[in-house]
Amino acid sequence: MPASICGTWEMISNVNFEGYMIALGIGPYLRKIALRLKLKKVIEQQGDLYVIKTVSTFKNYTFSFKLNQEFEEFTQGLDNRHVKSLVTWEGNKLVCVQTGEKKNRGWTHWIEDDKLHLELYCEGELCRQVFKKK
Ligand code: VL7
């Protein structure tokens, strides 16, 4: 059983968020605001149903999904795209593939040393975020 990713997590590092946002086509003004944010993750799970909230003082993004089931995701308030998302466990990693206009897009969550890790990737850009439990 993978270590639980549930709970409230606070960002402690954020590498190449800028590159990831550029790959998504986010403009310089929004990027500047976004880069200064200390993001929080609030993750809840009931059986195969997950809710991941990305929370900040600027805006929040909530996203709910069932494991192993492709669904439509609208990245409202982020890059505002419609993608088809599929989330699965691959070993100890929670892996999401986001199929749409942007190639090679998705994210991966896992626990390592009591920290929540997140890799966000899009078209060759990789952003690494680490969160500690609140
Ligand atoms: C991760 C933001 C940049 C627009 C606002 C700044 C950000 C945060 O995909 C994500 O998380 C996954 C995995 O945990 C679950 O949905 C969201 C944030 C990526 C991309 C776009 C800059 C504007 C505000 C809400």
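Residues numbered from 1 in each chain as written. Predicted model: local features only at pLDDT ≥ 70, side-chain atom pairs only at ≥ 80, totals over all residues. Heavy atoms only, no water.

As annotated in an unreviewed UniProt entry, the protein is Cellular retinoic acid-binding protein 1 from Oryzias melastigma. Under the heading Function (unreviewed entry), UniProt records this for the protein: "Cytosolic CRABPs may regulate the access of retinoic acid to the nuclear retinoic acid receptors." Its UniProt record, at the heading Sequence similarities (unreviewed entry), says of the protein: "Belongs to the calycin superfamily. Fatty-acid binding protein (FABP) family." (UniProt positions renumbered as here; feature names shortened; annotations may be inferred.)

**Topic: the packing of aromatic side chains**
Under the counting rule described, the total for this entry stands at seven aromatic pairs. Here phenylalanine 65 and phenylalanine 71 contribute two aromatic rings whose centre-to-centre distance is 6.4 Å and whose plane-to-plane angle is 10°, an arrangement assigned as stacked. Comparing phenylalanine 65 with phenylalanine 71 shows no difference in burial state: the two are buried. Members of the aromatic cluster, connected to one another through ring pairs, are Tyr50, Tyr61, Phe63, Phe65, Phe71 and Trp107. Looking at lysine 93, its charged tip hangs above the ring of tryptophan 110, at a distance of 4.2 Å from the centre. (Phe/Tyr/Trp six-rings, centres within 6.5 Å; stacked < 30°, edge-to-face > 60°. Buried < 20%, exposed > 50% of the residue type's maximum accessible area, 1.4 Å probe, protein only. Lys NZ or Arg CZ within 6 Å of the ring centre and 35° of its normal.)

**Remarks on the site of the ligand**
Taken together, 21 residues lie near the ligand, and Ala34, Lys41, Lys59, Phe63 and His109 sit nearest. Contact between the ligand and lysine 41: an oxygen atom at 2.6 Å from a side-chain N or O atom of the residue. Between the ligand and histidine 109, the relevant distance is 2.8 Å, taken from an oxygen atom to a side-chain nitrogen or oxygen of the residue. Contact with the protein chains covers 99% of the free accessible surface of the ligand, which is 630 Å². Counting residues per element, the ones that place at least two in the shell around the ligand are helix 1 (17–23), strand 3 (49–55), strand 4 (61–66), strand 8 (106–112) and strand 9 (115–122). Partitioned by chemical class, the residues of the shell around the ligand number 16 nonpolar, three polar and two charged. (Near = heavy atom within 4 Å. Polar contact = N/O pair within 3.5 Å; in protein donor to acceptor, adjacent residues only side chain to side chain. Areas by Shrake-Rupley, 256 points an atom, 1.4 Å probe, with all protein chains shown as cover. Helix = DSSP H or I, 4+ residues; strand = E, 2+ residues; numbered from the N terminus. Nonpolar A, V, L, I, M, F, W, Y, C, P; charged D, E, K, R; others polar.)

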